[in-house]
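Descriptive structure summary
Here are the chains, one letter per residue:
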Amino acid sequence: MVRVLILNGSPRKKGNTLFLVSELAEQLRAKNNFVKILHLNDYDIKPCQSCYWCYRDFPLQCIQDDVMNGLYPHALDAEVIIFASPIYWFTYSAQLKLFVDRLLALHVKGGHSFQGKKFASIFVYGASNPEGSGVFNAIKSVEQMISYFGGENIGVVYGTGGDKLTAKDNPEILRKIGNLVLTISNQ
Ligand SMILES: Cc1cc2nc3c(=O)[nH]c(=O)nc-3n(C[C@H](O)[C@H](O)[C@H](O)COP(=O)(O)O)c2cc1C
């Protein structure tokens, strides 16, 4: 049983990112993994203020009294964290960026408390060609972040979404989701 946290950075409840997130979650649960999904758009996450209060005694908390202090325990507890987002303006969405910036608070002496954690990503974009979509900026950004944490990147799934992805029309991206399920379940 692997404890998985999925960070959904899309606001669209019937959109492409959530379609893939739901597929992933359903298949992971069918293999008896524990899956928690945070729909980041539902939370009023304040931007990091760069005050570095969180560095003083490494409290694993932020001085800003908002919803993030209640979300950190989910991130700390997860063995695998999935970044899931549409591509907005050639990188991942602001909803996900707000959460990511606030991970500064999980810094510990000599590194980050995500050291040794596993990560994967799911990105959907509108362009027909990935080169023009900006998805590789998002992938690079996440790769560098994971490396900074001292974590391990175990998979990236990306593809183009029209108005609405459907299982019938998208066997290739669903095959990649299936592979990611196997990779995560084997952790
Ligand atoms: C504000 C905004 C910016 C976008 N920027 C890009 C972009 O830079 N590259 C791209 O390929 N698609 C872009 N798109 C299209 C979305 O990535 C695409 O529609 C995606 O499938 C949306 O995911 P969702 O259905 O989960 O909301 C943008 C969409 C929005 C709303």
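Notes on the structure follow. Values in this document were obtained by computation on a predicted structure and should not be read as measured data. (Residues numbered from 1 in each chain as written. Predicted model: local features only at pLDDT ≥ 70, side-chain atom pairs only at ≥ 80, totals over all residues. Heavy atoms only, no water.)

The subject of this paragraph is the overall build of the protein chain. When helices and strands are tallied, the protein chain shows seven helices and eight strands. The C-alpha atoms of the protein chain give 16 Å as radius of gyration, which agrees with the globular expectation for 187 residues (16 Å, within 12%). Over its C-alpha atoms, taken along the principal directions, the protein chain stretches across nearly 50 × 35 × 25 Å. Evaluated residue by residue, the protein chain yields a buried proportion of 46% over its 187 residues. Partitioning the contacts of the protein chain with sequence separation of at least 6, the portion at a separation of at least 24 is 77%. With an accessible surface of roughly 9,200 Å², the protein chain has 51% of that area assigned to carbon and sulfur atoms. For the protein chain, the distance from the average site of its 19 positive side-chain charges to the average site of its 16 negative ones is 1 Å. (Helix = DSSP H or I, 4+ residues; strand = E, 2+ residues; numbered from the N terminus. Rg over C-alpha atoms; globule rule 2.2 N^0.38 Å. Buried < 20%, exposed > 50% of the residue type's maximum accessible area, 1.4 Å probe, protein only. Contact = heavy atoms within 4.5 Å. Areas by Shrake-Rupley, 256 points an atom, 1.4 Å probe, with all protein chains shown as cover. Lys, Arg positive; Asp, Glu negative; His and termini not counted. Charge placed at Lys NZ, Arg CZ, Asp CG, Glu CD.)

Another aspect to go through is the packing of aromatic side chains. A full pass over the atoms with the stated rule returns eight aromatic pairs. Ring geometry for Phe114 and Phe149: centres 5.0 Å apart, planes at 75°, overall edge-to-face. Placement of the pair is Phe114 in the loop between strand 6 (111-112) and strand 7 (118-125) and Phe149 in helix 6 (residues 135-149), with a sequence separation of 35 residues. Judged by its relative accessible area of 1%, Phe114 falls in the buried class. Look at Phe149 and you get buried, because its relative accessible area is 5%. (Phe/Tyr/Trp six-rings, centres within 6.5 Å; stacked < 30°, edge-to-face > 60°.)

A negative phi angle is the norm for most residues apart from glycine, just as the trans form is the norm for most peptide bonds. The backbone of Leu60 sits at a positive phi, close to 55°, despite the residue not being glycine. Counting through the fold element by element, Leu60 comes out in the loop between helix 2 (53-56) and helix 3 (68-77). For Trp89, which is not glycine, the phi torsion reads 50° and is therefore positive. Here Trp89 shows up in the loop between strand 3 (80-88) and strand 4 (91-92). Assessed through its relative accessible area of 78%, Trp89 is described here as exposed.

Attention now goes to a nonpolar patch on the surface. A surface patch of nonpolar side chains, amounting to about 420 Å² of accessible area, comprises Tyr88, Trp89 and Phe90. By the element assignment, Phe90 lies in the loop between strand 3 and strand 4. (Patch = residues over 30% accessible without salt bridge, like charges linked within 9 Å, V, L, I, M, F, W, Y side chains within 5 Å. Salt bridge = Lys/Arg side-chain N within 4 Å of Asp/Glu carboxyl O.)

By themselves, these are just geometric observations and shouldn't be taken as functional.
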